Amino acid sequence: MCNESEEGSDHVLVDCTYARSVLEGVSRWCNTQLVPLHTVKDVVDSISQWGVCKKRRKIILAIYYGTLWSIWKSRNEKVFKKNRLPPDKVTDIIKSVVYLWVKNREKIDRLNWASWSQCPLFF
Ligand SMILES: [Zn+2]
């Protein structure tokens, strides 16, 4: 995405300046401090530091997986369609993807999206 490094999975999904911008947007959305992440393994390992609440962990997993998935899709959009999405747009896509994943996997329909992302139970 940045044309400054070889496109390995760790670079494209986590370490690229583009991926970092997306991750920073996600971090702001979740109102969390972003710990230094350089590899996909760092991302997976960081999930274990998010407490023991099963429901919270599932949502955090969905956010991280949705983030990696969306960065990968935006990379493909650039490579195959020559369309570079701004990182903020990717962050918006992640919010939609995660909402749909969680909504369809968990019964949290009683919570509306605006309050869901600010609920102290989750973030
Ligand atoms: Zn890059």
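Residues numbered from 1 in each chain as written. Predicted model: local features only at pLDDT ≥ 70, side-chain atom pairs only at ≥ 80, totals over all residues.

An unreviewed UniProt entry lists the protein chain under the name Reverse transcriptase zinc-binding domain-containing protein, from Lactuca virosa.

(A) Examining the overall build of the protein chain more closely. Per the secondary structure count, the protein chain includes six helices and zero strands. Written out in order from the N terminus, the α and β elements of the protein chain read α-α-α-α-α-α. The buried share of the protein chain, taken over its 123 residues, is 25%. Looking at the protein chain alone, contacts between residues at least 24 apart form 59% of all its contacts between residues at least 6 apart. (Helix = DSSP H or I, 4+ residues; strand = E, 2+ residues; numbered from the N terminus. Buried ≥ 20, exposed ≤ 12 C-beta atoms within 10 Å, placed from the backbone. Contact = placed C-beta atoms within 7 Å.)

(B) Local environment of the nonpolar core. In this structure, Leu13, Ala19, Val22, Ile63 and Ile71 are the most contacted members of the largest nonpolar core, which totals 22 residues. Put simply, the parts of the chain that give this core at least two residues each are α1 (9-15), α2 (17-30), α4 (54-81) and α5 (87-105). Among the elements that take part in this core, α4 stands out by supplying six residues, more than any other. Beyond its immediate stretch of four places on either side in the chain, Ile63 contacts Val26, Cys30 and Val98. (Core = buried A, V, L, I, M, F, W, Y, C linked by C-beta atoms within 7 Å.)

(C) Representation of the confidence of the model for the protein chain in the model. For the protein chain, the mean per-residue pLDDT works out to 81, and 80% of the residues sit at or above 70. Mean pLDDT across the elements of the protein chain bottoms out in helix α6 (residues 113-116) (49) and peaks in α1 (94). Segment residues 118-123 is flagged for pLDDT under 50; beyond a separation of four residues in sequence, or across chains, it makes nine contacts in the model. (pLDDT = per-residue confidence, 0-100.)

(D) How the structure looks around the environment of Glu6. Tracing the sequence through the fold places Glu6 in the segment before α1. Judged by local crowding, Glu6 falls into the exposed class, with 6 C-beta atoms found within 10 Å. Counting along the chain gives ten residues from Glu6 to Cys16, while the straight-line C-alpha distance between them is 9.9 Å.

(E) Structural view of the environment of Ser9. Among the structural elements, Ser9 can be located in helix α1. The exposed category is assigned to Ser9, around which 12 C-beta atoms lie within 10 Å. A sequence separation of 63 residues divides Ser9 from Trp72, and the C-alpha atoms of the two residues are 9.0 Å apart.

(F) Spatial organisation of unusual backbone geometry. Located in the positive-phi region is Lys82, a residue other than glycine, with phi close to 55°. Note on placement: Lys82 falls in the loop between α4 and α5. The exposed category is assigned to Lys82, around which 7 C-beta atoms lie within 10 Å.

(G) The packing of α2 against α5, seen in detail. Where α2 meets α5, the closest approach of the two axes is 9 Å, and the angle between their N-to-C directions is 50°. Here α2 is positioned oblique relative to α5, judged by the angle of their axes. As for the relative orientation of α2 and α5, their crossing is right-handed in sense. Taken together, the residues of α5 that come into contact with α2 (itself represented by Tyr18, Ser21, Val22, Gly25, Val26 and Trp29) are Pro87, Asp88, Val90, Thr91, Ile94 and Lys95. Tallied by class, the residues present in the contact of α2 with α5 amount to seven nonpolar, three polar and two charged. (Axes fitted to C-alpha atoms, helices over the stretch in contact; angles between N-to-C directions. Parallel < 35°, antiparallel > 145°, perpendicular 65-115°, else oblique. Left-handed = near helix turned anticlockwise from the far one by under 90°. Nonpolar A, V, L, I, M, F, W, Y, C, P; charged D, E, K, R; others polar.)

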